[in-house]
Amino acid sequence: TPSSAGSVPTGGAIKKKIAVMTSGGDSPGMNSAVRAVVRAGIYYGCDVYAVYEGYEGLLKGGDLLKKMEWQDVRGWLSEGGTLIGTARCMEFRERWGRKQAAGNLIREGIDALVVCGGDGSLTGADLFRSEWPSLVKELVEDGTFTEEQVEPYKNLTIVGLVGSIDNDMSGTDSTIGAYSALERICEMVDYIDATAKSHSRAFVVEVMGRHCGWLALMAGIATAADYIFIPERAAPSGEWQKELQRVCQAHREKGRRNNTVIVAEGALDDKLNPITSEQVKDALIELGLDTKITTLGHVQRGGTAVAHDRWLATLQGVDAVKAVLEMTPDTPSPLIGILENKIIRMPLMESVKLTKSVADAIEHKDFDKAISLRDSEFIELYENFISTTVKDDGSERLPEDERLNVAIVHVGAPSAALNAATRAATLYCLSRGHKPYAILNGFSGLIQTGEVKELSWIDVENWHNLGGSEIGTNRSVASEDMGTIAYHFQKNKFDGVIILGGFEGFKSLKELRDARAQYPIFNIPMVLIPSTVSNNVPGTEYSLGVDTCLNALVNYTDAIKQSASASRRRVFVVEVQGGHSGYIASFTGLVTGAVSVYTPEDQIDLKSIREDLALLKENFRHDKGENRNGKIVIRNEQASSIYTTELIADIIAENSKNKFGVRTAIPGHVQQGGVPSSKDRVTASRYAVKCVKFLEAWNKKNVDETNEDFKILRFKYVNGSKVYTVHDEDSSAAVIAVNGSHISFKPIARLWKDETNVELRKGNEIHWQEFNKIGDILSGRCNLRKEV
Ligand code: ATP
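As annotated in an unreviewed UniProt entry, the protein chain is ATP-dependent 6-phosphofructokinase from Lachancea fermentati. Under the heading Function (unreviewed entry), UniProt records this for the protein chain: "Catalyzes the phosphorylation of D-fructose 6-phosphate to fructose 1,6-bisphosphate by ATP, the first committing step of glycolysis." In its Catalytic activity (unreviewed entry) section, UniProt records this for the protein chain: "beta-D-fructose 6-phosphate + ATP = beta-D-fructose 1,6-bisphosphate + ADP + H(+)".

The following block contains the structure:
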């Protein structure tokens with residue numbers, strides 16, 4: 001009405017007012033996204049509003065559009081679901097509903113909307129933006145507002161974040177909540193495995209995914225399932241039962257005591273008939289298996305977000321604010337996504353269209369197209385699953401003269417996914433006809449005892465969720481006795497070697513490569529899969545085991561934070577591992593909302609400790625009692641030889657003037673062990689299979705210039721770009737590395753020369769620098785500095 005128009009602020013033109021909302025199904029991590037948008041928005045000088053209850057809040061306005069203060073999102077990183085609510089709102093699908101919503105936004109002076117939801121929510125948001133000028137025109141024509149009042153609100157800015165447990169958005173590798181849901185599924189299937197094994201049963205586990213098989217596929221890989229059913233790869237109608245029975249029977253014959261079949265709720269056969277858990281169960285009963293169904297249902301949405309989702313949501317939330325500030329009326333609405341390890345922006349509607357085309361392809365029974373429209377990781381992992389689990393009957397074996405003896409060795413401290421990677425490499429080797437050999441107890445084991453063990457299917461069958469190292473690991477490096485190692489390589493006729501380890505593994509690879517001149521037996525392809533909780537292997541941004549470690553730290557930190565809520569106000573100085581690399585500390589600080597983070601890369605000095613104190617006092621001053629969780633300071637174990645964890649705690653305590661207590665907390669070896677996270681299991685499988693393919697491609701037996709698959713893996717770098725090569729000894733000793741949006745094999749010789757800080761046992765590049773900057777913005781440290 002014209003009267004309410006009087007309250008329209010003129011701020012739109014001067015200061016951005018951003019509204020953030022969650023919509024569609026809830027997913028873990030949505031709260032981290034809202035927290036990041038609110039705090040980054042405030043930091044960049046905007047007003048930020050939360051829209052409660054999804055689009056319903058936009059339609060109703062009033063109390064459902066709430067201006068957010070810095071303190072309002074305190075503690076939200078560790079909360080599951082979405083605290084600002086979500087809803088399915090039929091009225092927003094109608095033009096009158098969207099007009100009403102536009103009126104409410106203009107009344108509050110809001111001109112930008114960050115929507116975190118699925119493809120439905122994002123389609124609605126984009127439609128709202130495209131209609132905006134005409135909606136505003138109508139609001140003037142019907143007298144709701146005057147021309148002057150709407151003048152600053154000519155355009156609406158929309159930025160999309162994908163919050164969905166299904167991971168069903170094309171163009172982005174993962175959506176906020178997907179890895180948390182996968183983690184829940186893996187936890188549940190691990191529990192089920194224990195009882196299934198006890199009774200020698202089969203279990204059919206139904207997981208969410210009405211239109212997308214990501215959860216079912218990844219769960220299948222991470223839980224060592226015998227078979228999966230997904231919508232994108234429809235099973236042949238009337239025939240799938242036979243194949244399912246053949247695979248389960250074969251695995252039983254190999255010695256497995258249980259069977260697991262994962263069924264996506266939207267699984268189909270190729271005539272588009274649903275494949276139900278009941279039908280799968282019937283097929284297994286027909287085989288004579290005692291079979292039960294577990295439908296996981298809403299537990300998959302439950303619980304707090306895993307480290308990956310908190311990280312993803314936090315970085316994407318901050319980028320959403322930046323996108324709002326950078327956008328012009330001509331820019332297409334962006335969607336914030338991720339490719340491998342890099343946060344990206346892409347046109348929202350293109351991604352939505354691509355996502356919808358998967359459904360169209362399925363509807364038209366074009367299943368090859370459906371699967372090809374998912375991201376590349378999806379197809380790669382699907383093919384790996386089929387090779388290692390369904391077609392492990394010899395049908396994919398290479399000709400006899402192309403089969404390899406593949407050595408696998410663990411080097412250094414154990415990290416969580418060593419067994420999972422070894423299992424995947426073994427299964428893939430077996431399906432290709434290679435012989436996988438475990439070098440027992442690292443290089444010193446080989447030197448001292450010469451013991452190697454040929455691994456069989458049943459040896460590795462249950463290694464997918466075992467922490468530690470089943471084949472034994474040792475810190476010793478290869479140079480301890482190169483001659484003896486060469487002797488055993490020769491004796492066992494190794495054609496290639498996969499090393500799993502951290503910096504010692506990296507060093508061993510370098511030594512083996514350097515020893516090629518002296519010991520020609522080392523002229524075989526060799527590859528390192530970085531595996532260390534410290535994530536300090538030069539040249540890569542990800543190491544196996546690091547995700548498990550981060551989850552352990554997130555759970556640990558959540559627990560100690562909460563322990564303070566019942567007692568006095570308390571600060572915890574948490575000491576984390578990482579050697580001379582601050583990655584773990586910086587990441588943990590970012591995803592636990594630490595007040596400050598001390599790393600070896602940034603010097604600790606009195607100024608920074610003084611800033612901590614000021615921030616802690618400020619923080620506690622705003623604590624009204626409703627959220628009295630403890631505050632966290634993270635310190636890497638090697639951050640300083642002077643400012644120890646105890647000293648920092650003592651200095652803070654001394655200066656707290658009894659306003660708050662201080663404790664130290666050292667999680668120690670909890671960080672290394674435990675059950676590998678679902679992300680580590682999936683990544684382990686992906687890297688391991690890629691590495692066996694690398695060995696195949698670089699083996700002398702396999703030089704085949706017409707084989708396109710091999711060409712992809714057989715290259716050297718010339719002026720920074722990849723060039724196919726038949727002979728290049730350096731490129732055949734490499735590290736599998738992820739950098740930004742790329743995975744590649746980097747020659748160890750070049751890495752060692754250009755990217756390694758040998759003394760500090762880490763890379764020269766600090767690829768996580770941004771975590772500290774964003775952490776400082778979101779903890780309020782940057783605000784404080786501005787004020788100072
Ligand atoms: P999920 O992946 O969890 O299903 P979603 O965002 O796809 O999430 P939807 O139920 O499709 O969930 O959409 C959520 C809300 O977004 C709807 O209730 C509706 O208010 C709005 N919405 C969805 N599609 C449209 C559309 N085409 N036009 C306008 N609004 C829409």
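After that view of the structure, there is still more to cover.
Caption draft 1: Region of interest: the overall build of the protein chain. When its secondary structure is counted, the protein chain shows 28 helices and 27 strands. The C-alpha atoms of the protein chain give 28 Å as radius of gyration, which agrees with the globular expectation for 788 residues (28 Å, within 12%). When the backbone C-alpha atoms are referred to their principal axes, the protein chain occupies close to 90 × 70 × 55 Å. Counting the 788 residues in the protein chain, one finds 54% classified as buried. Contacts in the protein chain between residues far apart in sequence, at least 24 positions, make up 78% of those at least 6 positions apart.

Caption draft 2: Examining unusual backbone geometry more closely. A positive phi angle, near 55°, is found at K493, a position not held by glycine. The exposure class assigned to K493 is exposed, which follows from the 12 C-beta atoms found within 10 Å. One non-glycine residue with positive phi stands out, namely N535, at about 50°.

Caption draft 3: Representation of helix α19 (residues 503-514). A rise of 1.5 Å per residue sets the reference length of α19, with its 12 residues, at 16 Å; its end C-alpha atoms lie 16 Å apart and thus fit the reference within 8%. Counting buried residues along α19, 10 of its 12 residues qualify, which places the element largely inside the surrounding structure. Every buried residue of α19 is listed here: F503, E504, G505, F506, K507, S508, L509, K510, L512 and R513. Where the residues of α19 are buried, they touch β12 (405-411), α16 (442-449), β16 (496-501), β17 (526-530), β24 (733-739) and α26 (748-755).

Caption draft 4: A look at the site of the ligand. The local shell around the ligand holds 17 residues, among which G24, G25, G118, G120 and G124 are the closest. Ranked by residues supplied to the shell around the ligand, first place goes to helix α5 (residues 119-141) with 6 residues. Per-class residue counts for the shell around the ligand are 4 nonpolar, 10 polar and 3 charged.

Caption draft 5: Main features of the confidence of the model for the protein chain. Summary statistics for the protein chain give a mean pLDDT of 91 and a share of 96% for residues scoring 70 or more. Note on residues 1-14: pLDDT under 50 across the span, and 24 contacts to partners over four residues away in sequence or across chains. Overall fold confidence (pTM) sits at 0.94, and the ipTM for the predicted complex is 0.92.

Caption draft 6: The arrangement of the UniProt feature "binding site: Mg(2+)" (unreviewed entry) in the protein chain in detail. The positions that UniProt labels "binding site: Mg(2+)" (unreviewed entry) are, in the present scheme, D119. One can find D119 in helix α5. Look past the residues within four positions of D119 in its chain and what remains in contact with it is M169, V352 and T355.

Caption draft 7: Representation of the environment of F715 in the model. Following the sequence through the fold, F715 ends up in strand β22 (residues 715-718). We classify F715 as partly exposed; it has 18 C-beta atoms within 10 Å. Residues F715 and T532, 183 residues apart in the sequence, show an inter-C-alpha distance of 27 Å. Apart from residues lying up to four places away in sequence, F715 is in contact with K722, V723, Y724, T725 and S731.

Caption draft 8: Inspection of the sheet that holds strand β1 (residues 17-22) at higher detail. Spatially, β3-β2-β1-β4-β5-β10-β11 is the arrangement adopted by the 7 strands of the open sheet, whose pairing is mixed. Each end of this open sheet is capped by a strand with a single partner; those strands are β3 (65-67) and β11 (342-347). Strand-to-strand twist of the sheet, defined as the mean angle between neighbouring strand axes without regard to direction, takes the value 25°. As defined by bridge partners, strand β10 (residues 334-339) adjoins β11 across 6 bridges and the pair is classed as antiparallel. The residue bridging P334 from the neighbouring strand is P347, located in β11. This element, helix α2 (residues 30-43), spans β1, β2 (47-51), β4 (112-117) and β5 (157-162) of the sheet and lies at about 175° to β1. Packed on one face of the sheet, α5 meets β4, β5 and β10 and runs near 160° to β4.

Caption draft 9: Up close: helix α24 (residues 678-698). With 21 residues, α24 should cover 30 Å at 1.5 Å per step; its first-to-last C-alpha distance of 30 Å lies within 8% of that length. For α24, the tally of buried residues reaches 19 of 21 residues, placing the bulk of the element in the interior.

Caption draft 10: Local environment of the sheet that holds strand β18 (residues 570-576). As summarised here, the arrangement of the 4 strands in space is β19-β20-β18-β21, forming an open sheet in which the pairing is parallel. Across the chains shown, the open sheet's two edge strands, defined by having one partner strand only, are β19 (596-598) and β21 (661-665). Averaged over all adjacent pairs, the angle separating strand axes in this sheet is 20°, with direction ignored. Sheet topology note: the β19/strand β20 (residues 631-636) ladder contains 3 bridges and is parallel.

Caption draft 11: Up close: the pairing of strand β23 (residues 721-724). Looking at chain direction, β22 and β23 are connected through 4 bridges and run antiparallel. Counterpart to F715 in the pairing with β23 is Y724. In textbook terms, the turn of a hairpin is the stretch between consecutive antiparallel strands, and for β22 and β23 this stretch comprises 2 residues, one of which, N719, has a positive phi near 50°.

Caption draft 12: Structural view of the environment of S779. Assignment of secondary structure puts S779 in helix α27 (residues 769-779). Given 22 C-beta atoms within 10 Å, S779 falls into the buried group. Each C-alpha atom, one on S779 and one on R74, is 9.5 Å from the other, the two residues being 705 residues apart in sequence. Residues in contact with S779, not counting those within four places in the same chain, are G593, A594 and V595.

What counts as what
- Residues numbered from 1 in each chain as written.
- Predicted model: local features only at pLDDT ≥ 70, side-chain atom pairs only at ≥ 80, totals over all residues.
- UniProt positions renumbered as here; feature names shortened; annotations may be inferred.
- Helix = DSSP H or I, 4+ residues; strand = E, 2+ residues; numbered from the N terminus.
- Rg over C-alpha atoms; globule rule 2.2 N^0.38 Å.
- Buried ≥ 20, exposed ≤ 12 C-beta atoms within 10 Å, placed from the backbone.
- Contact = placed C-beta atoms within 7 Å.
- Expected span 1.5 Å × (residues − 1).
- Near = placed C-beta within 6 Å.
- Nonpolar A, V, L, I, M, F, W, Y, C, P; charged D, E, K, R; others polar.
- pLDDT = per-residue confidence, 0-100.
- Pairing = 2+ DSSP bridges.
- Axes fitted to C-alpha atoms, helices over the stretch in contact; angles between N-to-C directions.

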